[in-house]
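The lines below spell out each chain.
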Amino acid sequence: MKLNSKGEGFLRTEKEENSLDRLQDIHMRLVPALGENWNQHSIVTLRRQTISRILYYDWVYNKLLGKPGVICEFGVQWGGGLALLQNLRAMHEPYNHQRKIYGFDTFSGFVDVNSKDNNTHRKGDYSVKDGYEEELQELLEIQESQSPLSHIEKTFLIKGDASQTIETWLDDNKGIAIGMAIFDMDVYKPTKDVLEAIKSRLFKGSVLVFDEFSCGHWPGETIAIEEVFGISNMRFQHFPHQPNCAVCIVE
């Protein structure tokens with residue numbers, strides 16, 4: 001068994017690594033041949049783990065239904081989570097134009113790594129290609145064009161260090177409450193800074209989503225939660241197919 005090549009802490013056998021590489025090869029070759037229904041047919045190469053992630057986001061989104069407030073995702077990277085949230089919004093509450101989604105990311109990887117983080121992580125990890133946020137913005141606009149009320153802008157990217165941009169965002173949006181905050185920044189400092197900053201915008205019923213809770217490979221997130229809220233004061237829920245993830249409803 002070995003850690004996967006992306007250093008995300010997953011244990012895979014050599015056989016699994018090889019089959020995953022083969023699946024990628026087939027996917028890249030197959031998509032151009034699938035014709036105008038390529039998006040539908042390309043699910044043939046979806047892995048169990050990816051399907052589980054989609055089901056997880058739907059499970060999480062259902063916890064927000066019937067509640068006010070916007071969605072903030074802290075840690076966007078390539079934008080898969082944002083696209084999922086957009087489509088879930090279109091399916092579950094197609095006419096709720098107040099359910100705005102804000103995605104925060106540097107798009108250049110970690111600003112820094114604290115001593116409270118695992119020493120295998122480095123500044124700049126999880127960066128994307130230069131200028132990708134512009135391409136992602138276009139992708140999100142295309143996704144939105146397939147949804148009801150597509151003429152109303154409802155999804156926004158906030159580029160920069162979330163430790164700093166969250167303060168500006170809060171100042172610019174004084175009348176906005178946060179219905180759901182998704183934390184996928186992995187490391188200690190930005191997680192703690194954002195948790196402290198948004199506390200006053202959460203209400204009883206707000207949904208907090210953590211992507212690396214109680215995960216030894218990513219200790220910084222849990223340490224930040226403990227320092228800001230105290231874990232013993234929180235009631236966590238767990239989706240069985242996402243081992244590292246936890247959800248807490250503010251009480």
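Only a predicted model underlies this, so the values are computations on that prediction, with no experimental measurement involved.

Here we look at the pairing of strand β3 (residues 70–74)
Step number 1: Within β3, five of the five residues are buried, leaving the element largely enclosed by the surrounding structure.
Step number 2: Burial along β3 is two-sided: the face carrying V70, C72 and F74 and the face carrying I71 and E73 are both buried.
Step number 3: Note that β3 and strand β6 (residues 178–183) share five bridges and pair parallel. In the sheet register, V70 faces β6, and the bridge partner there is I178.
Step number 4: Bridge analysis of β3 against strand β4 (residues 101–105) gives four bridges, and the strand direction is parallel. Residue pairing in the sheet places E73 in a bridge with G103 of β4.
Step number 5: Handedness of the crossover joining β3 and β4 through helix α4 (residues 80–92) is recorded here as right-handed.

So, the sheet that holds strand β7 (residues 207–210)
Step number 1: What the seven strands build is an open sheet, ordered β5-β4-β3-β6-β7-β9-β8; its pairing is mixed. Edge positions in the sheet fall to β5 (155–159) and β8 (236–237), since each has one partner strand and no second.
Step number 2: Pairing between β8 and strand β9 (residues 246–249): two bridges, direction antiparallel. Residue pairing across strands places Q237 opposite V247, the latter belonging to β9.
Step number 3: Contacts from helix α6 (residues 162–172) reach β3, β4, β5 and β6 within the one sheet, and its direction differs from that of β4 by about 145°.
Step number 4: Seen against the sheet, helix α7 (residues 188–198) touches β3, β6 and β7 and runs at an angle of roughly 170° to β6.

Section: the pairing of β7
Step number 1: Of the two faces of β7, the one carrying V207 and V209 and the one carrying L208 and F210 are both buried.
Step number 2: Handedness of the crossover joining β6 and β7 through α7 is recorded here as right-handed.
Step number 3: Sheet topology places β7 next to β9; four bridges connect them, and they run antiparallel. Note on β9: the bridge partner recorded for V207 is I249.

Examining the nonpolar core
Step number 1: Grouped together as the largest cluster of nonpolar side chains are 29 residues, with contacts concentrated most on F74, Y102, F104, I166, W169, F183 and I198.
Step number 2: In this view, Y102 contacts V70, I71, C72, E73, F156, I158, W169, N173 and I176; residues no more than four positions away in its chain are not counted.
Step number 3: In this structure, L82, F107, V128 and V209 belong to the second largest nonpolar core, which totals 26 residues.

Examining the packing of α7 against helix α8 (residues 219–228)
Step number 1: Running from N to C, α7 and α8 cross one another at 30°; their axes reach a closest spacing of 8 Å. In terms of axis orientation, α7 runs roughly parallel to α8. Crossing hand, α7 versus α8: right-handed. Listed contacts from α8 to Y188, T191, K192, L195 and E196 of α7 are G220, E221, I223, A224, I225, E227 and V228.
Step number 2: Residue classes in the contact of α7 with α8 are distributed as six nonpolar, two polar and four charged.

Quick word on the packing of aromatic side chains
Step number 1: Taken as a whole and assessed by the stated rule, the structure comprises 16 aromatic pairs.
Step number 2: Taking the centre distance of 5.9 Å and the plane angle of 85° together, the rings of Y56 and Y57 count as edge-to-face. The pair Y56 / Y57 is uniform in exposure class, with both members buried.
Step number 3: Here the aromatic cluster, defined as three or more aromatic residues joined through ring pairs, consists of F74, Y102, F104, F156, W169, F183, F210, F213 and F236.
Step number 4: Directly above the aromatic system of F229 lies the positively charged group of K199, at a separation of 5.4 Å from the ring centroid.

Brief notes about the packing of α4 against helix α5 (residues 132–145)
Step number 1: At a minimum axis distance of 10 Å, the contact between α4 and α5 shows a crossing angle of 15°. By the angle class used here, α4 and α5 are roughly parallel. Classified by chirality, the crossing of α5 by α4 is right-handed. Of α5, the residues touching α4 (which contributes L82, A83, Q86, N87 and R89) are L140, Q143 and E144.
Step number 2: Its residues assigned to classes, the contact of α4 with α5 comprises three nonpolar, three polar and two charged.

What counts as what
Residues numbered from 1 in each chain as written. Predicted model: local features only at pLDDT ≥ 70, side-chain atom pairs only at ≥ 80, totals over all residues. Heavy atoms only, no water. Buried < 20%, exposed > 50% of the residue type's maximum accessible area, 1.4 Å probe, protein only. Helix = DSSP H or I, 4+ residues; strand = E, 2+ residues; numbered from the N terminus. Pairing = 2+ DSSP bridges. Right-handed = clockwise from strand over helix to strand, strands pointing away. Contact = heavy atoms within 4.5 Å. Axes fitted to C-alpha atoms, helices over the stretch in contact; angles between N-to-C directions. Core = buried A, V, L, I, M, F, W, Y, C linked by side-chain atoms within 4.5 Å. Parallel < 35°, antiparallel > 145°, perpendicular 65-115°, else oblique. Left-handed = near helix turned anticlockwise from the far one by under 90°. Nonpolar A, V, L, I, M, F, W, Y, C, P; charged D, E, K, R; others polar. Phe/Tyr/Trp six-rings, centres within 6.5 Å; stacked < 30°, edge-to-face > 60°. Lys NZ or Arg CZ within 6 Å of the ring centre and 35° of its normal.

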